[in-house]
Protein chains: 4
Amino acid sequence: MSPITQSTGAPAGTAQVNVAIVGASGYSGEELVRLLLHHPSARLTAVTSRQQAGQTVAQVFPRFASHSLARGLRFSEPNLELLARQARVVFLALPHGVAAEFAVPLLQAGCQVIDLSADFRLRSAAVYREFYAHEHPAPDLLAKAVYGLPEAYRDAIRGASLVASPGCYPTSILLPTLPLLRAGLVQPGRIIANSLSGVSGAGRKAELDYLFVECNESVRPYGVPKHRHLSEIEQELTLAAGRPVVIQFTPHLIPVNRGILTTLCLEPAHPLPGTEAAAFSEQVDACYRAAYGAEPFVRVLEGKALPDTKNVVGTNVLELAWRVDARTGRLLVMSAVDNIVKGASGQAVQAFNILCGFPETAGLL
Amino acid sequence: MSPITQSTGAPAGTAQVNVAIVGASGYSGEELVRLLLHHPSARLTAVTSRQQAGQTVAQVFPRFASHSLARGLRFSEPNLELLARQARVVFLALPHGVAAEFAVPLLQAGCQVIDLSADFRLRSAAVYREFYAHEHPAPDLLAKAVYGLPEAYRDAIRGASLVASPGCYPTSILLPTLPLLRAGLVQPGRIIANSLSGVSGAGRKAELDYLFVECNESVRPYGVPKHRHLSEIEQELTLAAGRPVVIQFTPHLIPVNRGILTTLCLEPAHPLPGTEAAAFSEQVDACYRAAYGAEPFVRVLEGKALPDTKNVVGTNVLELAWRVDARTGRLLVMSAVDNIVKGASGQAVQAFNILCGFPETAGLL
Amino acid sequence: MSPITQSTGAPAGTAQVNVAIVGASGYSGEELVRLLLHHPSARLTAVTSRQQAGQTVAQVFPRFASHSLARGLRFSEPNLELLARQARVVFLALPHGVAAEFAVPLLQAGCQVIDLSADFRLRSAAVYREFYAHEHPAPDLLAKAVYGLPEAYRDAIRGASLVASPGCYPTSILLPTLPLLRAGLVQPGRIIANSLSGVSGAGRKAELDYLFVECNESVRPYGVPKHRHLSEIEQELTLAAGRPVVIQFTPHLIPVNRGILTTLCLEPAHPLPGTEAAAFSEQVDACYRAAYGAEPFVRVLEGKALPDTKNVVGTNVLELAWRVDARTGRLLVMSAVDNIVKGASGQAVQAFNILCGFPETAGLL
Amino acid sequence: MSPITQSTGAPAGTAQVNVAIVGASGYSGEELVRLLLHHPSARLTAVTSRQQAGQTVAQVFPRFASHSLARGLRFSEPNLELLARQARVVFLALPHGVAAEFAVPLLQAGCQVIDLSADFRLRSAAVYREFYAHEHPAPDLLAKAVYGLPEAYRDAIRGASLVASPGCYPTSILLPTLPLLRAGLVQPGRIIANSLSGVSGAGRKAELDYLFVECNESVRPYGVPKHRHLSEIEQELTLAAGRPVVIQFTPHLIPVNRGILTTLCLEPAHPLPGTEAAAFSEQVDACYRAAYGAEPFVRVLEGKALPDTKNVVGTNVLELAWRVDARTGRLLVMSAVDNIVKGASGQAVQAFNILCGFPETAGLL
């Protein structure tokens, strides 16, 4: 991985970059608004939403009303020509299928696009069709898009015109597993992931399943056994392992607003007699240190600490801890992220910083 | 398994049985009070608690104040001689280690004892010492105690003087796996269990970790990788499999009052080429039907339904669903229970019904 | 108030009464299903719901799947002729405006109707129009309907053919205030009520405002300053006071599934110099004892205890406590109810018991 | 009120001020750490806590681990001499009674002290004794301390050596009422305040009452009828009204981590015939505009919007809305604050900014 430029101040002598958010009324859109309002090097020039057009950002999101820009900026109907003039970088916070319709003309008009939907995360239009149940709307762009996981694709993001920002579950699974697979430490065919997600992961949609009374005092698996996010998770694990990877993944819905807790059960590449558990532990430790020792947004916990979503909510950090289980010979890795920040909008801003040559942590600490 | 007597009315011509609860001020104790106040064939004659001695049940638990017995019955200091005179069956809702101190003299005095602690769940005093970190206080009784999981030990419970009521996690794991292991359908050495528990599982203890602010908007694993409940889980799985079983078990704390959701990842005894998934599914289906088709408190879901803790909270039912994952060749089984009812006090009352020859569902529907 | 018949068993020699629920898929309907499935003297013969027609009760509400009736009984489209043959008493759990359309023909067909909507709670069609913004659909029936608050209208309910079951906020306000007003102890013109309601009060409706993420970690007033429930509250207070009463009422939405906590600030009829506070306290105490000493579902707390919704959720009890504030000379009264039980379905079953001559607590303890 | 200096950048040419936090392990202390770690003009040089001494800020509060200072700074035992050398301004986040023991020597050593406890909020040692049940530990300092509500005491704070930061309930009540009382618009003797507080208001204390299971799905009044905060509320209202004010105040505990929602019921100074409601509304509107039009941290809502704690949590803003109720002739005012930010630590930082001559919003937007 390439070196990281880290600093929090606005880069000396750098003009601000104009940015726009298309589809800014959902939870990811709202979080993008929050991050970009405070970003030292971004100037938010347009936010669009069909339902909210005409209202100010402060009216739609009262929590931002202390910012003068939020009181002045109004939501507009999405207008491609206008957007292309207003912004150099456009964030798309739209449903899959719809995002591609915006990405194509915006790219043609010379904008850089950071898409938070699933539309450009897959390299294969066939896999897209299998998992999303419709033809890909712009298959030619798939080869051009960069998977926006900075810890894995920092260099490619630097020169990208189209960034496909990863999903929330994929982020919580890929960051803990990619280094282990690349180092050949665990068996690619025996990855079992259990994930617990807060309700904001379902989006701001008026559906009975996500009513307060239906979610509170309830815990439930869903999307079993073939959740859509498997497509991008397995694509990236396959690339890291150098051979096809299929994993077991079970998502659950839990009554918190935000956060994903993922527990991964992995098998060492070479079965562990008890006596070698210590050596394997050292290899895992070294692997994570090499991969994440210098990463600003991955925190490998030490000592007895275990991840807790409350320690990452509102931040762009993924927290992880691991244990070699001497009784079973397996490796447990647990991660926690804010599904809307590192799992969506924060990660998109991190990619934006790389794209624009800003310090990678700008606006994110 | 033996036939189940099922009916809800009070048995004709049967006198009520006097019962007492020792340690009735915790969450399991409170639930025992609720169940026994309403039980058609039990008369609650004594409740003890050092902290609450002198107060009425209605004062300590205002939610029961509509019951005249709750307004009249007072908590007392535990007094063994008095208890032995007041009750034929005594429920112990005490911490492990303490329960044994009561069980021994009560049994000597001729009472039947249903213990909700871990003290008599293990057959081996050595395993007890390994997991509970002190010598077993009454090792001679271990051979006498019956593990109080009615779906597995109904006949033995019928004649027992000492019932060791199972833990909450064990219930949520054993009921889904025992029939599969006995039928030889899954590999005993490859069981992976992820469990999510509500906060009442931690007991009514004044500790910072369980404060509202520390649990709300938080999800976290804990007790990794060697939780105490592994001892009884592996003991029972070993007995069912006919050879030593070690499992992977990761508990998590989630912000609900009650409920455990367990997701089990199992491997078929014979690896599945895709073409045999249908046959394997039929075997699993037949296995669960044979095991649980007539059980009043195990509900195998049909169609697309998946377990949800909110459907079992307040009931003595364990809900389960399973899926054969054709992509991975694994079997996923998901279960939901109320940790305080089927995972503790309800199960204890179910054992009480068996012990006394009452309909097994008495006071539990 | 008339004497209460209190006993929990099924009345000897009494045949069960056939009952039906129209609109059984909302929260109140679901609770009616729960209560009537367990009721010793009611036989649930029909449940209707346009969305759920064809499914069994157990499929729609898995938590009831342990009941054989729930597994056998299917939701049907509402059919008036059939309903009139299937049931002697019909519960309507429908939106206001719609309920009247069912009540009229069912009454003509000889059924007794217990309506949980607002359609028959008001004596004046003009007030109905003012608060519900449409013409009353059956004004002739208003004089016939009995307001179904058993503690106030027990005798009238006994002979009623149409019972208008009270709203949840009204129940939480009227039970604490009616006896005080009737006794002339407080000023009718100076009643200030603040109420906090769980989200189930909004019904099972797919609206953004009631999504988990919008309600969790949120507290907000709403319906200010003229909530619809004011109409029935002020009607009943006016009748009790013998002169027109207008009150201040502010409802709030809080993140719990169930429960209403109401805090009432009242002024003694005669201003209190400090020295008379003790005498006033005695009058209040005597007033509540006379009104509620024998009521099975109103619990006046003693000592330092204050109401807590968790002590009444799942029960048909209203809990209340009061304090004379010597500093301000005012009387504070606080009440807690389960908005879906005593605030809706439990109260409707209580009225049903009275109507049918069953013990008033049948199926409710 | 005096003009506000508003700007977010660090003041040019101003050195950073060294600050310390004594008692930094509670919820207010943690929030002070967060705010001061990010403050452009503060350098956090010491944090003390008996329980946490020796650990780094990042170990105690993992959510701050991304900040290099949090990884380096260790909690220490409180040492007065050392503190006086390390910091120019010391924040005390200690229990009442204890805070005074630190304030006295720190002031003598030349530090400026911002105390978040109740120790210096009252002008009268007798009132302190009445409400806090012990003798005031340093009555001579009461005359010197400034009540740290910036919107009311901005000028006095500027020159203060000892700032007594207001309580959370007082903030939520005083900001809405002080301007109305000063303008003579409402009757001082008829103020009724109902407040709903999140559980963090109880502090990070291991007590059964604040366990998750005891608070979740529960709503309850407490501290009725004479809560300690009444002392400072009535002191400030009395000063604003120019005559003794006694109010009705009922706090409630609700299951959210953070936030206070207060609903105030007020009576116009001159009773309103319906025809004058419009004129009174204009007076209220003008009063709030004059008081808060230029305030950065008070947001008077417009149109139909009502306060919601979720719009202020994590911010230093108090949101308020008001309605004249034409039916009752009363004025309803509703406010929402984050009890730990504007209700505690944010307000303390706001006072710090004034004290040091920094822009008042520094570190708070």
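Every residue gets a number counted from 1 within its own chain, in the order that chain's sequence is written. Whichever chain is written first is A, and whichever ligand is written first is 1; the rest continue in order. The predicted nature of this model means local features are confined to residues of pLDDT at least 70 and side-chain atom pairs, given and counted, to a pLDDT of 80 or more, with totals for whole chains, interfaces and linings taken over all residues. Water and hydrogen atoms play no part in the side-chain values, which are based on all heavy atoms of the structure.

**Quick look at the overall build of chain A**
Logical step 1: Regarding its fold elements, chain A presents 12 helices and 14 strands.
Logical step 2: Taken over C-alpha atoms, the radius of gyration comes to 20 Å for chain A, in line with the 21 Å a tight globule of 365 residues would show.
Logical step 3: Its C-alpha atoms give chain A principal-axis dimensions of roughly 65 × 50 × 40 Å.
Logical step 4: Any residue under 20% of the maximum accessible area for its type is buried, any over 50% is exposed, and the rest in between are partly exposed; the area is computed with a 1.4 Å probe on protein chains only. Per-residue burial over chain A gives 63% buried out of 365 residues.
Logical step 5: Any two residues whose heavy atoms approach within 4.5 Å are treated as being in contact. Counting only contacts in chain A whose residues sit at least 6 apart along the sequence, the fraction spanning at least 24 positions is 70%.
Logical step 6: When the accessible surface of chain A is totalled, it reaches about 12400 Å², and 50% of it is carbon and sulfur.
Logical step 7: The positive charge centre, built from 31 side chains, and the negative charge centre, built from 30, are 4 Å apart in chain A. Strands are runs of DSSP state E lasting at least 2 residues, helices are runs of H or I lasting at least 4, and numbering of each runs from the N terminus. Here the globule rule is a power law, 2.2 Å times the number of residues to the power 0.38, and the radius of gyration is based on C-alpha atoms. For the accessible areas, the method is Shrake-Rupley and the probe is 1.4 Å, while residue cover comes only from the protein chains on display. Asp and Glu are treated as the negative residues and Lys and Arg as the positive ones, with His and the ends of the chain left uncounted. We put the charge of a Lys on NZ, of an Arg on CZ, of an Asp on CG and of a Glu on CD.

**Some details on the interface of chain A and chain B**
Logical step 1: Counting residues at the interface gives 44 residues for chain A and 44 residues for chain B.
Logical step 2: Carbon and sulfur atoms supply 56% of the area buried between chain A and chain B, which totals about 4000 Å² over both sides.
Logical step 3: When the area that chain A buries against chain B is broken down by residue, the three leading residues are E217, V219 and R327 of chain A, summing to 18%.
Logical step 4: Salt bridges are counted wherever a side-chain nitrogen of Lys or Arg sits within 4 Å of a carboxyl oxygen of Asp or Glu. Ionic pairing is found between K310 of chain A and E214 of chain B, a salt bridge with its closest N-O pair at 3.9 Å.
Logical step 5: Two N or O atoms form a polar contact when they lie within 3.5 Å of each other; inside protein one atom must be a possible hydrogen donor and the other a possible acceptor, and for residues adjacent in sequence the pair counts only when both atoms belong to side chains. Where chain A touches chain B, the interface holds 22 residue pairs in polar contact (both at pLDDT 80 or more). Take the accessible area each of two parts loses on contact, using a 1.4 Å probe, and add the two losses: that sum is the buried area.

**A short note on the interface of chain D and chain B**
Logical step 1: Between chain D and chain B, the residue contacts involve 19 residues of the former and 19 residues of the latter.
Logical step 2: Between chain D and chain B lies a buried interface of about 1700 Å² when both sides are counted; carbon and sulfur atoms form 65% of it.
Logical step 3: Looking only at chain D, the three residues that lose the most surface to chain B are F212, V213 and N257 of chain D, adding up to 39% of its buried area.
Logical step 4: The interface formed by chain D and chain B holds 2 salt bridges in total.
Logical step 5: The salt bridge partner of E214 of chain D is R204 of chain B, with a shortest N-O separation of 3.3 Å.
Logical step 6: For the pair chain D and chain B, the interface holds 8 residue pairs in polar contact (both at pLDDT 80 or more).
Logical step 7: Among the elements that make up the side of chain D that touches chain B, the one with the highest residue count is helix 9 (residues 212-215) of chain D (4 residues).
Logical step 8: Residue type decides the class: Asp, Glu, Lys and Arg count as charged, Ala, Val, Leu, Ile, Met, Phe, Trp, Tyr, Cys and Pro as nonpolar, and the leftover types, Gly among them, as polar. Partitioning the side of chain D that touches chain B into residue classes produces 11 nonpolar, 3 polar and 5 charged.

**A short note on the relation of the copies chain D and chain B**
A rotation about some axis, followed by a shift along it, carries one copy of the chain onto the other.
Logical step 1: At an RMSD of 0.0 Å, chain D and chain B line up after a rotation of 180° and a shift of 0.0 Å along the axis. In symmetry terms, the pair is related by a two-fold rotation axis.
Logical step 2: A share of 100% of the interface residues of chain D reappears at the interface of chain B, consistent with the copies meeting face to face through the same patch. Alignment of copies: least-squares fit on C-alpha atoms of residues with pLDDT of at least 70 in both copies.

**Quick look at the environment of P221 of chain C**
Logical step 1: By secondary structure assignment, the location of P221 of chain C is in strand 9 (residues 220-221).
Logical step 2: By relative accessible area, P221 of chain C is classed as buried at 3%.
Logical step 3: Spatially, the C-alpha atom of P221 of chain C lies 20 Å from that of Y132 of chain C, the residues being 89 residues apart in sequence.
Logical step 4: Leaving out residues up to four positions away in the same chain, P221 of chain C has contacts with T250, P251 and H252 of chain C together with L261, L306, P307 and M334 of chain D.

**Here we look at helix 8 (residues 168-182) of chain C**
All names here are of chain C.
Logical step 1: Under the convention used throughout, the expected extent of a helix is 1.5 Å for every residue step, that is, one less than its residue count. Spanning 15 residues, helix 8 covers 21 Å between terminal C-alpha atoms, matching the ideal 21 Å at 1.5 Å per step.
Logical step 2: Bend angle per residue: angle between axes fitted to the 7 residues ending at that residue and the 7 residues starting there. Of all the bends found along helix 8, the most pronounced is centred on L174 and spans about 40°, while P176, a proline, follows it within four residues.
Logical step 3: Within helix 8, 14 of the 15 residues are buried, which leaves it mostly tucked inside the rest of the structure.
Logical step 4: Backbone geometry just downstream of helix 8 places G184 in the positive-phi region, at approximately 70°.

**Things to note about the pairing of strand 2 (residues 42-48) of chain B**
Looking along a regular strand, one sees side chains alternate from face to face of the sheet.
Residue and element names in this part refer to chain B.
Logical step 1: Across the 7 residues that make up strand 2, a large majority, 5, are buried.
Logical step 2: Alignment of strand 1 (residues 17-22) against strand 2, held across 6 bridges, turns out to be parallel. Of the residues in strand 2, the one forming a bridge with V19 is L44.
Logical step 3: When the strands point away from the viewer, a crossover counts as right-handed if the path from the first strand over the helix to the second runs clockwise. The handedness of the strand 1 to strand 2 crossover, carried by helix 1 (residues 27-38), is right-handed. The criterion for strand pairing is that DSSP finds at least two bridges linking the strands in question.

**So, the sheet that holds strand 8 (residues 192-197) of chain C**
All names here are of chain C.
Logical step 1: What the 7 strands build is an open sheet, ordered 9-10-8-11-14-13-12; its pairing is mixed. Sheet topology places strand 9 and strand 12 (298-300) at the edges, where each strand pairs with a single neighbour.
Logical step 2: Relative to strand 13 (residues 318-325), helix 11 (residues 277-292) is tilted by about 165°, and along the sheet it contacts strand 12, strand 13 and strand 14 (330-337). A fitted line through C-alpha atoms represents every axis, and for helices the fit uses only the stretch in contact; the resulting angles, taken between N-to-C directions, go from 0 to 180 degrees.

**Examining the pattern of salt bridges**
Logical step 1: Under the defined criterion, the tally for this structure stands at 88 salt bridges over all chains.
Logical step 2: For the salt bridge of E267 of chain A with R330 of chain A, the shortest nitrogen-to-oxygen distance reads 3.0 Å. Here E267 of chain A is found in the loop between strand 11 (260-266) and helix 11 (277-292), whereas its partner R330 of chain A is found in strand 14 (residues 330-337), with 63 residues between them in sequence.
Logical step 3: Under the relative-accessibility criterion, E267 of chain A is labelled buried at 11%.
Logical step 4: Judged by relative accessible area, R330 of chain A falls into the buried class, the value being 4%.
Logical step 5: The structure contains a network of salt bridges with shared partners spanning E30, R63 and R204 of chain A, E214 and R220 of chain C together with D308 and K310 of chain D.

**Things to note about unusual backbone geometry**
Excluding glycine, residues mostly carry a negative phi; peptide bonds, for their part, are mostly trans.
Residues and elements named next belong to chain A.
Logical step 1: Here the amide bond leading from V224 into P225 is cis, since omega sits at -5°, within 30 degrees of zero.
Logical step 2: Looking at the element boundaries, P225 is found in the loop between strand 9 (220-221) and helix 10 (230-241).
Logical step 3: Of note in this structure, E217 is not a glycine but carries a positive phi near 55°.
Logical step 4: Positionally, E217 belongs in the loop between helix 9 (212-215) and strand 9.
Logical step 5: Exposure remark for E217: the relative accessible area of 13% places this residue in the buried category.

**Some thoughts on the packing of aromatic side chains**
Logical step 1: For Phe, Tyr and Trp, where Trp contributes only its six-membered ring, two rings pair if their centres lie within 6.5 Å, and the inter-plane angle classes them as stacked under 30 degrees, edge-to-face over 60, or tilted in between. The final tally for this structure, using the stated rule, is 34 aromatic pairs over all chains.
Logical step 2: Measuring from ring centre to ring centre gives 5.7 Å for F91 of chain B and F352 of chain B, while their planes differ by 55°; the resulting arrangement is tilted. Placement of F91 of chain B in strand 4 (residues 89-92) and of F352 of chain B in helix 12 (residues 341-356) is noted, with a sequence separation of 261 residues between them. With respect to burial, F91 of chain B and F352 of chain B carry one shared label: buried.
Logical step 3: Ring geometry for Y169 of chain C against F249 of chain C: centres 5.2 Å apart, planes inclined by 70°, an arrangement best described as edge-to-face.

**Observations regarding the environment of F64 of chain C**
All names here are of chain C.
Logical step 1: Mapped onto the fold, F64 is located in the loop between helix 2 (57-60) and helix 3 (68-72).
Logical step 2: On the accessibility criterion, F64 (5% relative accessible area) is buried.
Logical step 3: Note: C-alpha distance between F64 and R34 (30 residues apart in sequence) is 7.3 Å.
Logical step 4: Among all residues touching F64, those that are not within four sequence positions of it are E30, V33, R34, L37, V57 and A70.

**Observations regarding the sheet that holds strand 3 (residues 75-76) of chain A**
Sheets are built from strands paired through backbone hydrogen bonds, the pairs being either parallel or antiparallel.
Logical step 1: Reading across the sheet, the 7 strands line up as 3-2-1-4-5-7-6 (chain A) and stay open at both edges, with parallel pairing between neighbours. Two strands close off the open sheet at either side, each with one partner strand: strand 3 and strand 6 (146-147) of chain A.

**Quick word on the side chain of H136 of chain B**
Residues and elements named next belong to chain B.
Logical step 1: Within the secondary structure layout, H136 lies in the loop between helix 6 (125-132) and strand 6 (146-147).
Logical step 2: In terms of polar contacts, H136 uses its side chain to reach the backbone carbonyl oxygen of D119, at 2.5 Å.
Logical step 3: Once you skip the residues sitting within four places of it in the chain, H136 turns out to touch D119, F120, A125, Y128 and L142.

**With respect to the confidence of the model for chain A**
Residue and element names in this part refer to chain A.
Logical step 1: Values of pLDDT, ranging from 0 to 100, describe the predictor's confidence in every residue of the model. For chain A, per-residue confidence averages 94 on the pLDDT scale, and residues scoring 70 or more make up 96% of the total.
Logical step 2: Throughout residues 5-13 the model reports pLDDT below 50, and contacts reaching past four residues in sequence, or to other chains, amount to 17 contacts.
Logical step 3: Confidence metrics for the complex model read pTM 0.95 and ipTM 0.94.

**With respect to the packing of helix 7 (residues 150-158) of chain B against helix 12 of chain B**
Residue and element names in this part refer to chain B.
Logical step 1: The contact between helix 7 and helix 12 brings their axes to 9 Å, and the two run at 40°. In terms of orientation, helix 7 and helix 12 fall into the oblique class. Taken as a pair, helix 7 and helix 12 cross one another with a handedness that is right-handed. Contacts between helix 7 and helix 12 involve P150, E151, R154, I157 and R158 from the former and K342, Q347, Q350, A351, I354 and L355 from the latter. Angles below 35 degrees are treated as roughly parallel, those above 145 as roughly antiparallel, those between 65 and 115 as roughly perpendicular, and all remaining angles as oblique. Each crossing is labelled by how the near helix is turned from the far one, with a counterclockwise turn of less than a right angle marking it left-handed and a clockwise turn marking it right-handed.

**A short note on the packing of helix 8 (residues 168-182) of chain B against helix 12 of chain B**
All names here are of chain B.
Logical step 1: In the contact formed by helix 8 and helix 12, the axes pass within 8 Å of each other and the chain directions differ by 100°. By the angle between their directions, the pair helix 8 and helix 12 is classed as roughly perpendicular. Contacts between helix 8 and helix 12 involve C168, T171 and L175 from the former and K342, G343 and Q347 from the latter.

**Some words on the environment of R327 of chain A**
Logical step 1: On the secondary structure map, R327 of chain A appears in the loop between strand 13 (318-325) and strand 14.
Logical step 2: Along the chain, R327 of chain A and P273 of chain A lie 54 residues apart, while their C-alpha atoms are 9.9 Å from each other.
Logical step 3: Those residues in contact with R327 of chain A, other than ones at most four positions away along the chain, are F131, K226, L230, E234, V246 and I247 of chain B.

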